[in-house]
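Each chain, letter by letter, is given below.
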Amino acid sequence: MNLINQINIEYLTPSRTIETIELTNKNKKLVTYIYNYEGNCFRFFSSIELLNSFFQSNIESQNLFQNDLEMDNFLFNYTI
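About the thresholds
Residues numbered from 1 in each chain as written. Predicted model: local features only at pLDDT ≥ 70, side-chain atom pairs only at ≥ 80, totals over all residues. Heavy atoms only, no water. Buried < 20%, exposed > 50% of the residue type's maximum accessible area, 1.4 Å probe, protein only. Helix = DSSP H or I, 4+ residues; strand = E, 2+ residues; numbered from the N terminus. Pairing = 2+ DSSP bridges. Core = buried A, V, L, I, M, F, W, Y, C linked by side-chain atoms within 4.5 Å. Contact = heavy atoms within 4.5 Å.

1. Description of the pairing of strand S4 (residues 41-45)
Most of S4 is tucked away: five of the five residues are buried. On S4, burial covers both faces: Cys 41, Arg 43 and Phe 45 on one face and Phe 42 and Phe 44 on the other are all buried. Relative to S4, strand S3 (residues 28-37) is paired through five bridges, and the arrangement is antiparallel. Within S4, the residue paired with Tyr 33 across the bridge is Phe 45. Connecting S3 to the next strand, S4, in antiparallel fashion are three residues, including Glu 38 with a positive phi near 60°. Pairing of S4 with strand S5 (residues 63-65), which is carried by three bridges, proceeds in the antiparallel orientation. For Phe 44, the partnering residue across the bridge sits in S5 and is Asn 63.

What follows is the structure, encoded as structure tokens:
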């Protein structure tokens, strides 16, 4: 199980954010990104490059969640 640490939150609009999340498991750490669209759609990106590809080229995230509980469960169990 991962420890989840929110490093930063950037507001693109009042209802759209990018959260920078650090996942830690034993001695491994990974900085990840969550794009939150109006609290109804969460997209997970395992790197800044994948996040940039989403915004620049409309390359969709492979991990899409409809609520924060689904997303949290995914983050707790994501393999680093």
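2. Some words on unusual backbone geometry
Even without a glycine there, the phi angle at Glu 38 is positive, about 60°. Tracing the backbone shows Glu 38 in the loop between S3 and S4. Notably, Asn 58 is not glycine yet its phi reads approximately 60°, a positive angle. With respect to the helices and strands, the residue Asn 58 is situated in the loop between helix H1 (48-57) and S5. Residue Asn 58 is classed as exposed on the basis of its relative accessible area of 66%.

3. Observations concerning the nonpolar core
Of all hydrophobic cores here, the largest spans nine residues; its members are Ile 21, Leu 23, Ile 34, Phe 42, Phe 44, Phe 65, Met 71, Phe 74 and Leu 75. If you list the elements that add at least two residues to this core, you get strand S2 (16-25), S4 and helix H2 (68-77). The biggest single contributor to this core is H2, with three residues. Apart from the residues lying within four places of it in its own chain, the contact partners of Met 71 are Ile 34, Phe 42 and Phe 65. Counting six residues, the second largest nonpolar core, distinct from the first, contains Tyr 33, Tyr 35, Phe 45 and Phe 54.

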